[in-house]
Amino acid sequence: NDGEGGSGGNAAGIIILHTFGDVIANNLIANGNEGFGSDQATAGIGEIRNIDGSGGGGAGGTIVVTSAGNITGTNLYARGGEGGSQVIDVGLFANTTEAQGTGGGGGGGYIGVSNTGSWNFDVSGGVNGTTNSDGLTEFPENGASSGDSGLIQTLPKNYHFYGNDTTICGGA
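Residues numbered from 1 in each chain as written. Predicted model: local features only at pLDDT ≥ 70, side-chain atom pairs only at ≥ 80, totals over all residues. Heavy atoms only, no water.

## Here's the deal with the environment of S124
- Its location among the elements puts S124 in the loop between β9 (118–122) and β10 (151–154).
- Owing to a relative accessible area of 27%, S124 belongs among the partly exposed residues under this scheme.
- Contacts of S124, omitting those with residues within four sequence positions, involve R79, G80, G108 and S149.
- Within polar-contact distance, the side chain of S124 engages the side chain of D122 at 2.8 Å. (Helix = DSSP H or I, 4+ residues; strand = E, 2+ residues; numbered from the N terminus. Buried < 20%, exposed > 50% of the residue type's maximum accessible area, 1.4 Å probe, protein only. Contact = heavy atoms within 4.5 Å. Polar contact = N/O pair within 3.5 Å; in protein donor to acceptor, adjacent residues only side chain to side chain.)

## A look at the sheet that holds strand β8 (residues 110–113)
- Read across the sheet, four strands follow the order β1-β5-β8-β10 without closing on themselves; strand pairing throughout is parallel. Looking at which strands have only one partner, the edges of the open sheet turn out to be β1 (14–19) and β10. Mean inter-strand twist for the sheet, computed between neighbouring axes without regard to direction, equals 5°.
- Strand direction decides the pairing type here: β1 and strand β5 (residues 62–67), joined by six bridges, are parallel. Residue pairing for β5: I15 is matched across the bridge by I63. (Pairing = 2+ DSSP bridges. Axes fitted to C-alpha atoms, helices over the stretch in contact; angles between N-to-C directions.)

## A look at the nonpolar core
- By size, the foremost hydrophobic cluster in this structure holds twelve residues: V23, L28, A30, I63, V65, I71, L76, A78, I111, V113, W119 and V123.
- Looking at this core, the elements that each hand over two or more residues are β5, β6 (71–77) and β8.
- Non-local contacts of V113, meaning those with residues more than four positions away in its chain, are made with V65, I71, L76, W119, Q153, T154 and L155. (Core = buried A, V, L, I, M, F, W, Y, C linked by side-chain atoms within 4.5 Å.)

Given below as structure tokens:
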């Protein structure tokens, strides 16, 4: 209502890696971005700023790795983003117990792999934001919740994607 609220974080994209050999990669990351808080302005004397709500975290993305070979030494991350926090700035000679919504955490993503090599994974949901309002010291999350964990699946070892040949921009 004061134009100082935070935007939600962007959701992650998709990574599809289909090989007929071994997969030896360091990190494959499809994490959601964190939500923006309402901590954008500094209060002057007698002012109270940043009293609007905060944005939620973006959802984790999708990672699909299919390989006829081994998958080793690879970290796969499809985590949800953290929710934004409300950081109220109270100027000199002002006080407030006002609090508005904090951002919820983004849900974890999806990871599907074709075999169980030595890889690490994380599809955790993002944590919720909090408020520093004096009126909510006993409940700083103010209704926001953390995102749920995503899903991890083992796919058939020789999983293939099939599709028809399609011309998208003929003659362009």
